[in-house]
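The chain contents come next:
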Amino acid sequence: EHSMPYDMIPQLVQFCNEENIQFMSTPFSIQDAEIIDKHVSIHKIASFEINHVRLIEFLAKTGKPILISTGASTFDEIDFCVDLITKFGNYNFVLLQCTSKYPCPVESLNLSVIPKIKSRYNVPVGFSDHSIDPIIGPILAVGYGATVIEKHFTLDKNLPGPDHSFALNPEELKSMIISVRQAEAAY
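The structure presented is a predicted model; accordingly, all values stated were derived computationally and were not measured.

**Student:** Outline a nonpolar patch on the surface, supporting the account with residue identities and numerical values.
**Tutor:** A cluster of nonpolar side chains, Val106, Ile136, Leu140 and Tyr144, forms an exposed patch at the surface whose accessible area comes to about 320 Å². Counting through the fold element by element, leucine 140 comes out in helix α6 (residues 136-143). Taking the relative accessible area as the measure of exposure, leucine 140 reaches 44% and is therefore partly exposed.

**Student:** Could you give an account of the packing of aromatic side chains, naming the residues involved and the relevant values?
**Tutor:** Enumeration over the complete set of coordinates arrives at two aromatic pairs. Measuring from centroid to centroid gives 6.4 Å for phenylalanine 75 and tyrosine 121, while their planes differ by 35°, and the two rings are tilted. Residue phenylalanine 75 is located in helix α4 (residues 75-87), and its partner tyrosine 121 is located in helix α5 (residues 114-121); the two are separated by 46 residues in the primary sequence. Taking the relative accessible area as the measure of exposure, phenylalanine 75 reaches 29% and is therefore partly exposed. Look at tyrosine 102 and phenylalanine 166: their rings are 5.8 Å apart centre to centre, the planes differ by 45°, and that puts the pair in the tilted class. In this pair, tyrosine 102 sits in the loop between β3 (93-98) and α5 while phenylalanine 166 sits in the loop between β5 (148-151) and α7 (170-186), placing the two residues 64 residues apart along the sequence. Judged by relative accessible area, which is 2%, phenylalanine 166 ranks as buried.

What counts and how
- Residues numbered from 1 in each chain as written.
- Predicted model: local features only at pLDDT ≥ 70, side-chain atom pairs only at ≥ 80, totals over all residues.
- Heavy atoms only, no water.
- Patch = residues over 30% accessible without salt bridge, like charges linked within 9 Å, V, L, I, M, F, W, Y side chains within 5 Å.
- Areas by Shrake-Rupley, 256 points an atom, 1.4 Å probe, with all protein chains shown as cover.
- Salt bridge = Lys/Arg side-chain N within 4 Å of Asp/Glu carboxyl O.
- Helix = DSSP H or I, 4+ residues; strand = E, 2+ residues; numbered from the N terminus.
- Buried < 20%, exposed > 50% of the residue type's maximum accessible area, 1.4 Å probe, protein only.
- Phe/Tyr/Trp six-rings, centres within 6.5 Å; stacked < 30°, edge-to-face > 60°.

Put into C-alpha cells, the structure is as follows:
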C-alpha cells in the first residue's frame, strides 16, 4: 500500500535534478536495484537486507558507493556483508550505526559503538537515526566520528505510513543540519 511504483522514479529523479538534490532510493530486492541503478550514484543497504546475498552482490558489482545500515546486526553479520562487497572489488562504502527501533529512544542509540566500527573496518562511519529528537543523536554521532547522518524526512508527521510519525519535518531538518555543521566546525 505504501510502496513507490517504479513509474514514479523518473518523475522523482527529474524533480530532484531540478532542485539540485541527489536522488536516492533503497532497494529491497534485485528487481528494485535493477530499476533504480541507472538513476542513482550511490546505493543503500537497509538493516534488514544486510544478509541478502544476491542483492549485496548486485550492488557491489555496480562499483557505486554503498551506505550499509547495521541495525540489529552482529559484528559477524557486518563482517559477512563487508567481505562480500569487497570480494567484488568495491571498497567504497560507509557503515551506518543504527538501532532498529522505530522510533528509537535516545538511550537506545548505542552511539559509543561508532569508534569501534570505525576502528574494526577502517572505513567511514555514519549514523542512521530513528529517534524523534532532531539534534541529540546526530551531534553525538559527529562527536564520535560519524561523517554521514541519515534521518527520515516528511512534510507531514500525520501522513499514512510507518515512518512519518518519527521523521523530521522541514523546520526540524533545518535545525538538525545547522547543529551538525556547528558540531563539525567545533570538532
